[in-house]
Amino acid sequence: MKNFFYLEGAYLILAGIILLITLFVTTRPFMSKGAVKQGLFWVTLVVAFFIGAHYSITTNRIAEVREAFENGKTIICESRMQRKVAQSVYIQKSNNWTLEDNNFISPNYNRPFFIARCIVK
């Protein structure tokens, strides 16, 4: 559950804001009588579907990257440290990279790389 909140926390906050906007709009005088229930139901359903789909896709990619790393394949990770040069980092088990929790760690880099920001080459 911790992983879900870590991966989807920003989207859950945005979903809350969207629901508040829906509540505000559906309570206006020009809206029909059942608009609040219907609006909140459908918006909640759509937002929950998209957050669930995003979580599923992300966890599947994490599993794929973890398996590929263990099998010695090259992993490409986004580097947020340098935006102009070398925006991607190539990670291989044979180049002193290790996987601790969900972070790739190397003695050659100051910071770890989160596995959800990586893909298999």
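Before any of the text, the structure's been laid out above.
Residues numbered from 1 in each chain as written. Predicted model: local features only at pLDDT ≥ 70, side-chain atom pairs only at ≥ 80, totals over all residues. Heavy atoms only, no water.

A few words now on the overall build of the protein. Counting secondary structure elements, the protein contains 2 helices and 6 strands. Reading the helices (α) and strands (β) of the protein from amino to carboxyl end gives α-α-β-β-β-β-β-β. Compactness check: the protein gives a C-alpha radius of gyration of 20 Å against a globular reference of 14 Å for 121 residues, more than 25% above the reference. The principal-axis extent of the C-alpha atoms belonging to the protein is close to 65 × 30 × 25 Å. (Helix = DSSP H or I, 4+ residues; strand = E, 2+ residues; numbered from the N terminus. Rg over C-alpha atoms; globule rule 2.2 N^0.38 Å.)

So, about the sheet that holds strand β6 (residues 118-120). Hydrogen bonds between backbone atoms are what pair the strands of a sheet, whose relative direction is either parallel or antiparallel. With antiparallel pairing, the 3 strands of this open sheet are ordered in space as β2-β1-β6. Each edge of the open sheet carries a strand with a single partner, namely β2 (88-91) and β6. Put simply, the sheet's adjacent strands are angled 25° from each other on average, direction ignored. Sheet contacts for helix α2 (residues 35-70): β1 (75-78), β2 and β6; angle to β6, the most-contacted strand, approximately 60°. (Pairing = 2+ DSSP bridges. Axes fitted to C-alpha atoms, helices over the stretch in contact; angles between N-to-C directions. Contact = heavy atoms within 4.5 Å.)

This part takes up the packing of helix α1 (residues 2-26) against α2. Where α1 contacts α2, the two axes come as close as 10 Å, and the packing angle between them is 165°. Compared by their axis directions, α1 and α2 come out roughly antiparallel. The two elements α1 and α2 cross, and the hand of that crossing is right-handed. (Parallel < 35°, antiparallel > 145°, perpendicular 65-115°, else oblique. Left-handed = near helix turned anticlockwise from the far one by under 90°.)

What follows is about the sheet that holds strand β4 (residues 103-105). If you walk across this open sheet you meet the 3 strands as β3-β4-β5, and the pairing is antiparallel. Each having just a single partner strand, β3 (98-100) and β5 (113-114) make up the two edges of the open sheet.

Our focus in this paragraph is the pairing of β1. Looking at chain direction, β1 and β2 are connected through 4 bridges and run antiparallel. Each residue of the ladder has a partner; that of Ile75, found in β2, is Ile91. Of the strand pairs in this sheet, β1 and β6 are connected by 3 bridges, and their pairing is antiparallel. Bridge assignment links Ile76 to a residue of β6, and that residue is Ile119.

Moving on: the environment of Ala53. Looking at the secondary structure, you find Ala53 in helix α2. Taking the C-alpha atoms as reference points, Ala53 and Glu78, 25 residues apart in sequence, are found 22 Å from one another.

Right, let's talk about the state of the cysteines for a bit. If you walk through the whole model with that rule in mind, you get 1 disulfide. The disulfide partner of Cys77 is Cys118, and the gap between their sulfur atoms is 1.8 Å. What sets the handedness of the Cys77 and Cys118 disulfide is the S-S torsion sign, and at about 100° it is right-handed. Highlighted residues: Cys77 in strand β1 and Cys118 in strand β6, separated in sequence by 41 residues. Accessibility assignment for this pair places Cys77 and Cys118 in one class, buried. (Disulfide = S-S within 2.5 Å. Buried < 20%, exposed > 50% of the residue type's maximum accessible area, 1.4 Å probe, protein only.)

The subject of this paragraph is a nonpolar patch on the surface. Together, Tyr11, Ile13, Leu14, Ile17, Ile21, Phe24, Val25, Phe30 and Met31 line one region of the surface with nonpolar side chains, adding up to about 910 Å² of accessible area. As for its position among the elements, Tyr11 is in helix α1. (Patch = residues over 30% accessible without salt bridge, like charges linked within 9 Å, V, L, I, M, F, W, Y side chains within 5 Å. Areas by Shrake-Rupley, 256 points an atom, 1.4 Å probe, with all protein chains shown as cover. Salt bridge = Lys/Arg side-chain N within 4 Å of Asp/Glu carboxyl O.)

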